[in-house]
Amino acid sequence: MSKILLQIDAKEVEAKEGMTILEAAQDAGIYIPTLCHHEKLEPYGACRICTVEAESRGQTKLVAACLYPVEQGLVVRTRSEKVDKIRKMILELLLAHAPDSRELQGLAEEYGADKDRFEKEASFCVHCGLCVRYCAEVKKKFAVGFVNRGARREISFDPVIAAKECWNCKECFPLCPTEALQAAYVYTEALISTLPRF
Amino acid sequence: MDSARVDQIIDKHGGEASSLIQILLDIQSENHWLPKEALERISEKLQVPFTRIQHIATFYKAFSLVPKGRHQVHICMGTACHVRGAQRVLDTVQDLTGIKPGETDLDLRYSLETVNCLGCCALGPVIEIDGDIHGKMSPARTADALKKYE
């Protein structure tokens with residue numbers, strides 16, 4: 001494996017080929033906020049909160065740190081004015097969906113995001129896909145998945161699998177950046193649908 | 001639709017997980033909707049998790065998870081049709097069939113949808129039934145056109 005030298009926040013960092021900016025930064029002890037990232041799962045790039053400025057060959061791009069592979073001589077800025085502005089906007093949009101999420105509120109304070117900027121549409125889900133991907137990639141049970149599309153997309157448990165597997169697992173609940181509320185609710189809904197109707 | 005026919009369609013596509021959407025499209029066009037039993041059968045034969053099939057079947061508008069009528073009625077509500085009286089055409093169809101856009105009548109005769117432009121604005125107001133374009137519709141002409149589709 002060849003060594004790659006890059007610069008993150010004016011610090012020289014050494015990384016291996018195939019690593020992402022996020023992995024290189026974590027190895028160097030540089031913090032980049034993430035919501036949809038989990039070390040056991042494939043990178044997904046859904047939340048865009050890890051957006052950083054990456055400069056190579058004189059061109060500056062805004063990229064998702066969890067997906068962008070490191071390259072020789074890359075200059076990464078994790079807290080530029082532009083990056084902070086984008087993160088603030090992302091947080092304000094996410095908070096319209098999950099206003100009570102403590103994780104989002106902590107980040108909002110850091111970036112000065114106003115949680116009341118956009119009209120609330122509290123679905124409690126920010127579509128990070130952590131529960132869906134954890135169930136598929138780590139547990140290989142496929143008990144929870146996405147249904148519908150766009151603004152109407154939501155998570156849904158398969159009642160048959162959920163009734164059998166989920167009660168003893170529930171490992172996806174603590175992963176949720178919106179405090180597990182949504183997954184627990186949808187799971188209960190799926191279980192109720194398997195009960196006989198009176 | 002019986003399970004033998006579902007199996008036949010799956011085999012036609014070689015039982016490959018990569019032809020999932022083609023299989024769903026074939027069943028949709030033959031049966032007009034995707035029954036749960038058929039999806040379960042596909043999941044089993046292609047070794048694709050049921051939640052993934054559900055994800056795909058709810059993602060594309062071409063698929064329906066509820067029964068659809070024998071005739072698909074699309075009423076254009078685009079700007080040109082709108083100013084030429086698409087609303088009156090829609091009201092007529094709703095009165096005659098007793099269903100609203102997105103619904104199917106009890107006899108499974110018609111499914112009604114509104115669309116935003118069919119691309120032939122000079123013919124407005126336009127309705128499309130099973131792919132046939134009916135242009136310059138008035139409430140009376142709409143009633144005549146609908147009657148032709150049993």
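Criteria and thresholds
- Residues numbered from 1 in each chain as written.
- Chains lettered and ligands numbered in written order.
- Predicted model: local features only at pLDDT ≥ 70, side-chain atom pairs only at ≥ 80, totals over all residues.
- Helix = DSSP H or I, 4+ residues; strand = E, 2+ residues; numbered from the N terminus.
- Buried ≥ 20, exposed ≤ 12 C-beta atoms within 10 Å, placed from the backbone.
- Contact = placed C-beta atoms within 7 Å.
- Pairing = 2+ DSSP bridges.
- Nonpolar A, V, L, I, M, F, W, Y, C, P; charged D, E, K, R; others polar.
- Core = buried A, V, L, I, M, F, W, Y, C linked by C-beta atoms within 7 Å.
- Domains from an automatic or database assignment.
- pLDDT = per-residue confidence, 0-100.
- Axes fitted to C-alpha atoms, helices over the stretch in contact; angles between N-to-C directions.

As a further point, take the overall build of chain A. For chain A, the count of helices and strands is six helices and seven strands. When the helices and strands of chain A are read in sequence order from the N terminus, they spell out β-β-α-β-β-β-α-α-α-β-β-α-α. A principal-axis box enclosing the C-alpha atoms of chain A has dimensions of 70 × 45 × 25 Å. A burial count over chain A gives 35% of its 198 residues as buried. Taking the intrachain contacts of chain A between residues at least 6 apart in sequence as the baseline, contacts between residues at least 24 apart amount to 55%.

Bringing the pairing of strand 1 (residues 71-76) of chain B into the picture now. Here is the key point about a regular strand: its side chains alternate between the two faces of the sheet. Residue and element names in this part refer to chain B. Where strand 1 lies against strand 2 (residues 110-115), six bridges are found, and the strand directions are parallel. Residue cysteine 76 lies in a different strand from strand 2, and its bridge partner there is valine 115. As paired strands, strand 1 and strand 3 (residues 127-129) are joined by three bridges and run antiparallel to one another. Looking at the pairing, histidine 74 lines up with glutamate 128 of strand 3.

All names here are of chain A. When strand 1 (residues 3-8) meets strand 2 (residues 11-16), the two strands line up antiparallel, connected through six bridges. Each bridged residue has a counterpart across the sheet, and for lysine 3 the counterpart in strand 2 is lysine 16. Remark: two residues form the turn of the hairpin made by strand 1 and strand 2, two consecutive strands paired antiparallel; aspartate 9 in that turn has positive phi of roughly 45 degrees.

On to the interface of chain A and chain B, then. With eight residues of chain A in contact, the opposing surface of chain B contributes eight residues. Its residues assigned to classes, the side of chain A that touches chain B shows four nonpolar, two polar and two charged.

Our focus in this paragraph is the nonpolar core. Residue and element names in this part refer to chain A. In terms of nonpolar packing, the biggest core is built from 53 residues, with Ile21 and Ala65 touching the most fellow members. Broken down by element, this core gets its largest block of residues, five residues, from helix 4 (residues 130-137). With residues near it in sequence (within four places) discarded, alanine 65 still touches Thr20, Ile21, Leu22, Ala25, Ile32, Cys50 and Val52.

Another aspect to go through is the domain arrangement of chain A. A common way to state how big an interface is: give the accessible area lost once the parts meet. Once the domains are mapped, chain A shows domain 1 (3-77), domain 2 (80-122) and domain 3 (130-194). The C-alpha-based centres of domain 2 of chain A and domain 3 of chain A are spaced at 25 Å.

Taken residue by residue, chain B gives an average pLDDT of 91. The fraction at 70 or more is 100%. Interface confidence for the predicted complex, given as ipTM, is 0.78, next to a pTM of 0.80.

All right, on to the sheet that holds strand 5 (residues 75-77) of chain A then. All names here are of chain A. Spatially, the five strands line up as an open sheet ordered 2-1-5-3-4, and their pairing is mixed. Looking at which strands have only one partner, the edges of the open sheet turn out to be strand 2 and strand 4 (59-64). When the angles between neighbouring strand axes are averaged without regard to direction, this sheet yields 30 degrees. Across the sheet, helix 2 (residues 81-97) touches strand 3 (51-56), strand 4 and strand 5, and the angle it forms with strand 3 is around 150 degrees.

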